[in-house]
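# A structural walkthrough
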Amino acid sequence: MPPPRTRGTALRQRLAELRGAGTAARALDARALAALAANPGCRRRAILDGAGVDKAALADALGAPSVFGQSQFALTRGNAFEAKVKADGGAELLRLVHERLDPGAEPPHAGTVPDLSAQGPEGRVARTALALREATEAGVWTLLDHPLLALEVAGSPAFLEPDAVVVHPDGGWTVVEIKSFPMLDGSADPAKVGAAARQSAVYVLALEEVAARLDPAPRVRHRVLLVCPKDFSNLPTASAVDVRKQRAVTVRQLTRLTRIQDIADTLPEGVCFSPELPAGELTAAVEAVPATYAPECLAACELAFHCRSRSRAQGAVTALGRSVRAELGGLGTVDDVLAAAHGEAGDPDDPAVAALRRAAALRAEALETAGPAVVAAREAVCP
């Protein structure tokens, strides 16, 4: 068991102690970062992601295992398709970028694919920045295969690895996202495209930070390239996706995130989220950080089942969805809602309380009117 945390410890050391002694940090990826930005009020996810806690292992230890994530079959299929798209030095990928995003440029007859290998994540980030600068100065088509970018999130660095970044002859940078879901008749599942756009927006933000350190700053294009299999084949096709809206939303949400250090300062001494701890102690540690559960968490967070069960046990209206929660104003639990609807509590001048009482009256009136008809129908079916 790790030693108790002290207030004067540096943030990095404190996060390591929260994670558990000898436990390697789980790096934030763009998928997790997009989900974190979508629920900025959840302090629990913020501290767990900031500390690099393996939430899947944590959910297993809490007795609420997660089914969140891709199947092994989907991962294998996606890797095979990505390898096909990037074969021959990325010739097909560069052709798609030229065709969909930059048809006025010189066709990419032979692109450059720099070596981005380096020691450790910080080394890879520095090597990626150097390769981007060199490609921009060279003015030729360049494909960066799985570059590594860094983005500070709530006071903690997140390392992000897009599928590819293409540097155009004019020095502009484009994010490329390769997915294995099909594009049928030129269009794909809107929900999946939206998720890819939110993920790509995170990469665009990280690229903009790299570009800002160069003079003059290269242009980071806000239209990314989404590459998918065409129809039911394994042939790649692509579509340009404008992520300006997703980028603006992500910036706004990330700026609202409470700083990791502020959350850590509110935790009791000795709190640790190591899955190796006894179940009771681990549950108490997790419950020490408030969560903001919503049904959307089921598709984005490994702890969703645990948080859902706790939310239901407390009767929190957030379990019914964010839209319902917004309509109920200051009524935070189901008991509060029922009491307000029945006239037992609540301010009659509150619009939410007034609407609930009106709905309850209409329901009672409908049941009273339909009562005899329902009884007659039952007797006719079951005399």
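Scroll up a little and you will see the structure.
Everything in this summary refers to the structure shown in the same document. If you're wondering where the values come from, they're calculated on a predicted model, not measured in any experiment. (Residues numbered from 1 in each chain as written. Predicted model: local features only at pLDDT ≥ 70, side-chain atom pairs only at ≥ 80, totals over all residues. Heavy atoms only, no water.)

### What to know about unusual backbone geometry
As a reminder, the rule being used: A run of DSSP states H or I qualifies as a helix once it reaches four residues; a run of E qualifies as a strand once it reaches two. Both are numbered from the N-terminal end.
Put simply, Asp215 and Pro216 share a cis peptide bond, and its omega is 0°. As for its position among the elements, Pro216 is in the loop between helix H8 (190–212) and strand E6 (223–229). Phi angles above zero are rare outside glycine, and Asp88 is one such case at about 55°. Considering the arrangement of structural elements, one finds Asp88 in helix H6 (residues 87–101).

### Details of helix H7 (residues 120–138)
Condition: By this rule the span expected of a helix is its residue count minus one, scaled by 1.5 Å. Each residue gets one of three labels from its accessible area relative to the maximum for its type: buried under 20%, exposed over 50%, partly exposed in between, using a 1.4 Å probe on protein chains only. To be clear, the arc concerns the directions from the helix axis to the C-beta atoms.
In this model, H7 (19 residues) spans 27 Å end to end at C-alpha, consistent with the 27 Å of a helix rising 1.5 Å per residue. Among all positions in H7, only Val125, Thr128, Ala131, Leu132 and Ala135 are buried. Down the axis of H7, the buried set is contained in an arc of 125°. They therefore lie on one face.

### Side note on the environment of Glu92
For the record, the criterion: Contact criterion: two residues are considered in contact whenever any of their non-hydrogen atoms come within 4.5 Å of each other. Pairs of N or O atoms within 3.5 Å make up the polar contacts considered here, provided that, within protein, one atom can donate a hydrogen while the other can accept it, and that residues adjacent in sequence are counted only when both atoms are side-chain atoms.
Examined against the element boundaries, Glu92 turns out to sit in helix H6. Look at Glu92 and you get partly exposed, because its relative accessible area is 25%. C-alpha of Glu92 to C-alpha of Thr136: the two residues are 44 residues apart in sequence and 21 Å apart in space. Each residue touching Glu92, except ones within four places of it in the same chain, is listed here: Val85 and Pro236. A polar contact of 2.6 Å, which involves the side chain of Glu92, links it to the side chain of Arg95.

### Points about the side chain of Lys86
In this fold, Lys86 is placed in the loop between helix H5 (72–85) and H6. Classification of Lys86 by relative accessible area gives buried; the value is 12%. Among the polar contacts made by the side chain of Lys86, one reaches the side chain of Glu82 at a distance of 2.7 Å. Ignoring any residue separated from it by four or fewer positions in sequence, one finds Lys86 in contact with Leu93, Asp145, His146, Asp163, Ala164 and Ile178.

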